[in-house]
Amino acid sequence: MNLIAVVGAGTMGNGIAHVFAQKGYKVNLIDTQHTALEKALQTIQKNLDRQISKGSIDEANKISTLNNISIFESIELGVVNADLVIEAATENSEIKKKIFSLIDQYAPSNCILASNTSSISITQLGAVTKRPEKVIGMHFMNPVPVMKLVEIINGDQTSLVVTETIVKLTEAINKIPCVVKDFPGFIANRILMPMINEAIIALSEGVSDANTIDQIMKLGMAHPMGPLQLADYIGLDVCKNILDIMKEGFDNTKYAPAPLLVEMVAEGKLGIKTGVGFYKY
Ligand code: CAA
């Protein structure tokens, strides 16, 4: 693996570009919006400065990391020489399928195609390509430079050699791979999202206020963030999308998003990114 293309320069895409570039890989960061690419580079610089101020990297590492990243506004040009493409676009099945079909057209035939999806079926993404055996899930956690886990998802046709390659690559960037099967929500969100949803239901029933609910989970369960604070951090629209995908995928209303969550998303209260969620920012 020499050249990694990352499609989508949002929170997850810029974090993924950051960690690979920092480990010496050449990264093509791709987004059709030039402003998104500029913002991503600024975020990466800010996070590298944060690492310098904590003493975990030096100035030379910052410069080499930034030098390893090239930006592209088209998938066609950005993936053409890639050994691995990691798609980190919006969590929407139709958008991801369109992107996968385009990547499949332009990436070299031996290139592995990964998705950073948090809940969408890898088998279905593989089905829109001519190389389903080379399609796999690489689910990074936010903030990517900090979180150790990469949840690796095998689609029905993902080959063993592709899984082994991605496991080794994950270890090479100093993260821990955990391999799972292709089920709605995989493992991380199948367990995380019902907890967040239950906290929202408890809040709407008036069992306690947001701060107390979060304190209980932080102090009692040693979670770094309470579930409502974490929902604001992830984005309430993302939480709702994932719950909808699990409800549909399992055909089970136990995953139905809490009415308060649905209401807040409709009102545009999406958490940190809009300045209002369960807390104000
Ligand atoms: N880039 C680089 N470094 C970062 C960073 C970033 N974006 N954000 C934080 N850091 C570093 C800090 O520099 C600091 O480094 P040191 O340990 O060297 O001092 C460390 O991370 C801790 O940060 P802070 O001291 O600023 O703050 P904190 O102790 O409150 O930790 C946190 C912040 C790491 C975000 C912590 O609150 C946490 O772990 N929260 C839970 C995060 C989580 O659950 N993520 C998963 C969400 S689910 C998901 O992503 C997937 C999905 O499908 C929805």
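Use the structure listed above.
Residue indices begin from 1 for each chain and proceed along its sequence in written order. Where local features are concerned, this predicted model is filtered to residues with pLDDT of at least 70; where side-chain atom pairs are given and counted, the filter is 80 or more; whole-chain, interface and lining totals use all residues. As a convention, hydrogens and water are excluded, and side-chain values are obtained from all of the structure's heavy atoms.

Each Phe, Tyr or Trp ring (for Trp, its six-membered ring) is paired with any other whose centre lies within 6.5 Å, and the angle between the two planes then decides the class: stacked below 30 degrees, edge-to-face above 60, tilted in between. Summed over the entire model, instances satisfying the criterion amount to three aromatic pairs. Geometrically, the ring pair formed by Phe-20 and Tyr-25 is edge-to-face, given 5.6 Å between the ring centres and 80 degrees between the ring planes. For the residue pair Phe-20 and Tyr-25, the accessibility class agrees, reading buried in each case. Three or more aromatic residues joined by ring pairs form one cluster here, namely Phe-20, Tyr-25 and Phe-140. Exposure categories follow from relative accessible area, calculated using a 1.4 Å probe and restricted to protein chains: below 20% of the type maximum is buried, above 50% is exposed, and the middle band is partly exposed.

Let us now look at the sheet that holds strand β4 (residues 84-87). Two strands are counted as paired when DSSP detects at least two bridges linking them. Helix and strand definitions here come from DSSP, where helices need a minimum of 4 consecutive H or I residues and strands a minimum of 2 consecutive E residues; each element is numbered from the N-terminal end. The strand order β3-β2-β1-β4-β5-β6-β7-β8 describes an open sheet built from eight strands, whose pairing is mixed. The strands lining the two open edges of the sheet, one partner per strand, are β3 (69-72) and β8 (176-181). Neighbour-to-neighbour, the strand axes of the sheet open up by a mean angle of 25 degrees, direction not taken into account. Taken together, the five bridges between strand β6 (residues 135-140) and strand β7 (residues 149-154) define a ladder with antiparallel strand orientation. Pairing of His-139 across the sheet is with Glu-151, part of β7. Angular values range over 0 to 180 degrees, each being the angle between N-to-C directions of two axes fitted as lines to C-alpha atoms, with helices fitted over their stretch in contact.

Right, let's talk about helix α9 (residues 210-221) for a bit. Its 12 residues place the ends of α9 16 Å apart at the C-alpha level, agreeing with the 16 Å of an ideal helix rising 1.5 Å per residue. Along α9, the residues classified as buried are Ala-210, Ile-213, Asp-214 and Met-217. Projection of α9 onto a plane perpendicular to its axis shows the buried side chains occupying an angular sector of 95 degrees, all on one side. Facing away from the buried side of α9, by more than 90 degrees, are the exposed residues Leu-219 and Gly-220. Take the residue count of a helix, subtract one, and multiply by 1.5 Å to get its expected span. Within this analysis, the arc is defined by the directions that extend from the helix axis to the C-beta atoms.

For side chains of opposite charge, pairing can occur when their charged atoms come near one another. Salt bridge criterion: a side-chain nitrogen from Lys or Arg within 4 Å of a carboxyl oxygen from Asp or Glu. Applying the stated criterion across every chain yields a total of nine salt bridges. Between Lys-134 and Glu-133 there is a salt bridge, with the nearest N and O atoms lying 3.2 Å from each other. For Asp-244, the salt bridge identified is with Lys-240, shortest N-O distance 2.8 Å. Of the two residues, Asp-244 and Lys-240 both sit in helix α11 (residues 236-250), four residues apart, roughly one turn of that helix. Since its relative accessible area comes to 26%, Asp-244 is described here as partly exposed.

Counting through the fold element by element, Glu-91 comes out in the loop between β4 and α5 (93-106). Looking at Glu-91, the relative accessible area reads 13%, which means it is buried. Polar contacts involving the side chain of Glu-91 include one to the side chain of Thr-117, which spans 2.7 Å. Residues are treated as being in contact if the distance between any of their heavy atoms lies within 4.5 Å. Apart from residues no more than four positions distant in its own chain, Glu-91 is found in contact with Lys-96, Thr-117, Ser-118, Ser-119, Ile-120 and Asn-241. Any pair of nitrogen or oxygen atoms within 3.5 Å is treated as a polar contact; in protein, a donor-acceptor pairing is required on top of that, and neighbouring residues in sequence qualify only through side-chain atoms on both sides.

On to the environment of Thr-158, then. One can find Thr-158 in the loop between β7 and α7 (160-172). Overall, Thr-158 belongs to the buried group, its relative accessible area being 13%. Residues Thr-158 and Lys-97 lie 61 residues apart in sequence; the distance between their C-alpha atoms is 17 Å. Every residue in contact with Thr-158, bar those within four places of it in the chain, is listed here: Pro-132, Glu-133, Val-135, Ile-136 and Thr-163.

Looking at the ligand, there are 18 residues lining it, with Arg-50, Ser-118, His-139, Asn-142 and Asn-189 nearest. Take Asn-47: an N or O atom from its side chain is 3.4 Å from a nitrogen atom of the ligand. A distance of 3.4 Å separates an oxygen atom of the ligand from a polar atom in the side chain of Lys-54. In short, Shrake-Rupley with a 1.4 Å probe defines the accessible areas, and a residue's cover is counted only from the protein chains shown. Out of a free accessible area of 1000 Å², the ligand has 67% covered by protein chains. Here the shell around the ligand takes three residues from helix α10 (residues 227-234), the largest share from any one element. Each residue is assigned to one class: nonpolar for Ala, Val, Leu, Ile, Met, Phe, Trp, Tyr, Cys and Pro, charged for Asp, Glu, Lys and Arg, and polar for all the others, Gly among them. Tallied by class, residues from the shell around the ligand come to 11 nonpolar, five polar and two charged. The two domains that each donate at least three residues to the shell around the ligand are domain 1 (3-181) and domain 2 (189-274). Throughout, near means a residue has at least one heavy atom within 4 Å of the molecule or strand. Here the bounds of each domain stem from an automatic or database domain assignment.

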